[in-house]
Structures are given as structure tokens and as C-alpha cells.
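Take a look at the letters that make up each chain.
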2 protein chains.
Amino acid sequence: MNTVAIAGVGLIGGSFGLALRAAGFGGRIVGVSRPGTVRKAMDRGAIDAGVSLEEAAAEADLLFLSQPVSIILETLEKLGGKLKPGALVTDAGSTKRRICECGVKQLGAGGFLGGHPMAGKETTGVEAAEAELFRGRPWLVTPCVAENMGSAPSPELLMWLKRIGARTVICTPEDHDRWVARSSHLPQMLSTTLAEWLGGREDREAILGAAGPGLGSMTRLAQSSWEIWRDILATNGDYIAEALREFHAELDQTTGTLASGSLEATFHAGADFAARVRKGK
Amino acid sequence: MNTVAIAGVGLIGGSFGLALRAAGFGGRIVGVSRPGTVRKAMDRGAIDAGVSLEEAAAEADLLFLSQPVSIILETLEKLGGKLKPGALVTDAGSTKRRICECGVKQLGAGGFLGGHPMAGKETTGVEAAEAELFRGRPWLVTPCVAENMGSAPSPELLMWLKRIGARTVICTPEDHDRWVARSSHLPQMLSTTLAEWLGGREDREAILGAAGPGLGSMTRLAQSSWEIWRDILATNGDYIAEALREFHAELDQTTGTLASGSLEATFHAGADFAARVRKGK
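Residues numbered from 1 in each chain as written. Chains lettered and ligands numbered in written order. Predicted model: local features only at pLDDT ≥ 70, side-chain atom pairs only at ≥ 80, totals over all residues. Heavy atoms only, no water.

## So, the interface of chain B and chain A
Taken together, the contact pairs 80 residues of chain B with 80 residues of chain A. When residues of chain B are sorted by the area they lose upon contact with chain A, W226, F267 and F273 of chain B head the list and together hold 10% of the total. Counting across the interface, chain B meets chain A through 4 salt bridges. When the shortest N-O distance is used, the salt bridge between R201 of chain A and E246 of chain B registers 2.9 Å. For the interface between chain B and chain A, the tally reads 17 residue pairs in polar contact (both at pLDDT 80 or more). Taken together, the elements giving at least two residues each to the side of chain B that touches chain A come down to β7 (138-142), α7 (173-199), α8 (204-209), α9 (213-218), α10 (226-260) and α11 (264-280) of chain B. It is α7 of chain B that contributes the most residues to the side of chain B that touches chain A, 18 residues altogether. (Contact = heavy atoms within 4.5 Å. Buried area = accessible area lost by both parts, 1.4 Å probe. Salt bridge = Lys/Arg side-chain N within 4 Å of Asp/Glu carboxyl O. Polar contact = N/O pair within 3.5 Å; in protein donor to acceptor, adjacent residues only side chain to side chain. Helix = DSSP H or I, 4+ residues; strand = E, 2+ residues; numbered from the N terminus.)

## Considerations on the relation of the copies chain B and chain A
Put simply, the two copies of the chain differ by a rotation about an axis and a shift along that axis. Structural alignment of chain B on chain A gives an RMSD of 0.0 Å, achieved by rotating through 180 degrees and translating 0.0 Å along the axis. Taken together, the rotation and translation relating the two chain copies correspond to the operation of a two-fold axis. The residues that chain B uses at the interface reappear at the interface of chain A in 100% of cases, marking a shared surface. (Least-squares fit on C-alpha atoms with pLDDT ≥ 70 in both.)

## Remarks on the pairing of strand β4 (residues 62-65) of chain B
Residues and elements named next belong to chain B. Of the two faces of β4, both are covered, the one formed by L62 and F64 as well as the one formed by L63 and L65. Sheet analysis places strand β1 (residues 3-7) next to β4, joined by 4 bridges and oriented parallel. When the bridges of β4 are listed, V4 appears paired with L62. One ladder, built from 4 bridges, connects β4 with strand β5 (residues 88-91); its direction is parallel. The residue bridging L62 from the neighbouring strand is L88, located in β5. (Buried < 20%, exposed > 50% of the residue type's maximum accessible area, 1.4 Å probe, protein only. Pairing = 2+ DSSP bridges.)

## A closer look at the side chain of R182 of chain B
Residue placement: R182 of chain B occurs in helix α7. Looking at R182 of chain B, the relative accessible area reads 1%, which means it is buried. There is a polar contact of 2.7 Å between the side chain of R182 of chain B and the side chain of E242 of chain B. The residues contacting R182 of chain B, other than those within four sequence positions of it, are W197, L198, R201 and I207 of chain A together with P187, Y239, E242, A243 and E246 of chain B.

## Concerning the sheet that holds β1 of chain B
Residue and element names in this part refer to chain B. Taken together, 8 strands build an open sheet; the order of strands is β3-β2-β1-β4-β5-β6-β7-β8 and the sheet is mixed. A strand with exactly one partner marks an edge of an open sheet, and here the two such strands are β3 (49-50) and β8 (167-170). Of the pairings in the sheet, the one linking strand β6 (residues 112-117) to β7 comprises 4 bridges and is antiparallel in character. Its bridge partner being in β7, H116 is matched across the sheet by L140. In this fold helix α1 (residues 11-22) packs onto β1, β2 (28-32), β4, β6 and β7, with an angle of close to 160 degrees to the strand it touches most, β1. (Axes fitted to C-alpha atoms, helices over the stretch in contact; angles between N-to-C directions.)

This is the structure we're talking about:
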């Protein structure tokens, strides 16, 4: 792996460049982004140069697409037939079924491997990029065809993911989308629905005036960018709807238990899992 | 106001003592707590001495009950008929209807004024107390009988709340309980239900493995102590059930819109309110 190209040098793409460098990658790292972003990414040391997508395709041994889902799909369409022989394309898209389907169609099962680093922070852009962003965090890797599930895909990529500190999890695109529907997309829907509902109430000023720190954490995700979520909802809506229905039933149970008995067991079980979520971080 | 007594010198009670001192209160501050807590609170400078509840009642001009709701109710029962003439009792209990009812019954409408500082942090105990805990945060004050709503209750207490930086909001116990059911208790139920549900699933290990930072913020509240919430649920269960039913309908609407149209407006409205919650902090 001599040349890595990063398409979309924002928080994730920029951090990937910085992380590779910090982990000892000695090859060339090029970036595909708008001129202003390329300049900032070069200043930060995340990439060595800015190139066009065509140049990246001709030069790179690994192409990392860290863009919103809809742009990844567009980029994959453009890359079909343009890659250097033996090159691998991977991505950081938030959903995997549609991207993997498109990747295999455009690049073949050996040319594309889905990926999703479960890392991020509130500030975006290459300015916020950091070499340690992926350390200790899961990085889901989704081989796109069933026969590739058994063997470790792309040992060289997996080695670099390990070197930058990510905890690699290999799974199918379907499993990925089902899990993140519950671990990430449902929490987003709850946060957004809570904030939208409270903000639309007549007594919203009073509720704001009475808000403690708890409301702050439960509405943090509601600030997420619609541009990102439009793509996620469009490509994982079926599993998200399933998760919403399941949670709905669970909330019914909480409401019933509140009326008829004690929520002590519910609280203890919730506290146990919440502690595990935080320990896993 | 020469002597202030704080019953329950934990995070809130200890911070109140530190805040009064930092704001220039020159009188005596005594604490009612277990011997170990009293010692730590004296070391921190939050109180001058430890006393029994009877001694506090005989000596204090202001008694601040910063205990769990059920203990506040017990303390109010014990204080009936024991106060120094002209003394005022106030509290920091998480719900207000039941406490105000009990306070007026035991101490008369002039002897008790409900209160609820909307401040806190993840660590508890007097070790975590800080003089600045209440600065910029709402402190809800609930006169317990309707005729006291018009005039400013207890100008001296309100002056000290202002001096320690709290944003005083005067409202009825009913309004308080209705607002916090939505701003605080419903968010807690969502966090607990989410964590309990995910933790009970067969694929919980996979979900943990795929968890991003979003799940961390949405399950933070689920770690709250059952001892606190048992009392809140017991004294505000009716309004919490009402809030759960309302949110349930709202979640139905989100699910429907996800299936049939675009959640763009929902996301933007949610982001706007979430920004206001954070600005209000």
C-alpha cells in the first residue's frame, strides 16, 4: 500500500490521514475535496496533496470514501472501471446495505469493502480532525458478498485499522444496518422527536426555564445535521421503522409498569447496560 | 438571617453552603447529616458545625432540606411545631405537590416555601460540591398556597438565591411538577427504557460493539440512582404517565412521517429547540 486517497477530507477523512501518519504510514496520502478543505487538510498534515477523483483512482492503492452516504453512492458510480488494478475502495458511510450493493456492482466483490468507524464528535470539519479519533472505538467492516465473510478481508487494511487503534468488527451489511438502527438511529429519532415536541408546545418557555442538565444530554443528538440524516433515513428507513415499533412496545411496557408496579428492576437493568455502554467507549 | 441549617449536606446542600459563603453570607451555617458527611462538609468549608435536626430547628432562621423527596417528607413531619418563630423552611426536592402539601400542613403557609434548584452533575456527595453550581441555572420557587403567588415570597431568601447566581422562577407546585415531568422525568424514562431494552436483547453484545458516541449521551441518564427516582415516580407518577402518553403519540407521528414523507421539518425544529436548551444552560 503505497498511496492512500481520501475522498472527503472532513473530521473522519482528515483524522484517518492523521492517524495513518501517526501510526507510521510512510506512503503518499492524497485528498479529494474542495480547494479550501484541501488547503486546510494539507496545513494540518492530514494529506500531502489535493487531487481530482480521476487522479486518485489512477494512483491510489486504497481509496477511503468519507462522505455522506448519497455522495459515496455517486463517487462509486464515477469510480466504476477507473481503478488501478488491485486497488481497494472502502468507505465510512453510516449505512451499509445500499453502499455495498452499489460498490460490488461498480467495482466487483474484490474491489470494494464496506466500512463504518463508530467515532465522531460534536465539531466537524478537518479543523477538528485528530490522529487518536479512532482509538478504542469500533470500526465495522462489512464484506459485501457472503462468500467473503469467512476469511479476513484485505489483511493490509485491517492491519492499518489495528495500528490506528480501532477495534475492528466484521459483519454483514444487513447486520450492520440492523445494529446501528438500534444503537444509533433510534437514539437519534428519540432525541429529535423529544426536542421537536417540546419546542412545539405552548409551555415551551416554561419547560426551557425548568430544564436541568438531563434535558441537555437527551437533546444533544437533535442538533445533528439533516444533510447526514436525510441519507441515513433514505437508506435504512425500513430497519429504523422496525426499531421504532419495537421501542414503542417497550415504552408501553414502561408506562404500564409505572401505573401498576415498580420500575425498580427496569432502572437497575437500564443502569447496568448504560454502564457497559460507557465502559465500552 | 443569622443562621442557616442545611439538612442533607450532599452535592446540592454542600454547594448551597459553599455558595452562600462565596456570596458573602457572614452568619452561621450548620449541617444535619451523618457524622462522616458532616466532617467532610466541615473540611470543605460548606458548614461550620454539625447539629441534630432538633438543634437546627431551634437555632436556624432558614432551614434548607436538600434530601430525597421521601426524606424531606419525613423531616417536615418531625419539624412540625419545633421551629424558631419566624423561621422559614425551604427544600430542594425533585417534585413539589406532595412536599408543599405536607410543608403547609406541618409549618403553615408562612413557614414553608418549596424550591427546586435545576442543577446537578454526574458525581454526587459533598466532595463534588462547588460554590458555582447554581450560577446561571434555574431555581424554581413554589409558594404553596394560591394567595402567596402574587407577592414575592421571602425576599431575603430570593436575594440570596440571586447572589449565588441562580435564575429564580416562581410558579405553583402543579406547574413545577407538570413542567419537570416533560423537561426532566420523561427524558429519564426514555433513557432508562432505551438502555433496559437494548440490554435485554439477544444481540446486545453486537449493539454494544457497534455503539457510537450517540448511544452514550442517550443512556447517560439511565445511570441515575433508583433511590432518587423511586420517590419522584411515587410523587409525580400521574404527570409522568401523561407525558409518556403525549410522547407516545409524538413518536407515532415521527414513525408515520418516516414512512410517508420527509422528516426534514422535524429535524430542523428539533435542532432549533436543542440549541435553545444548550444556550439556556
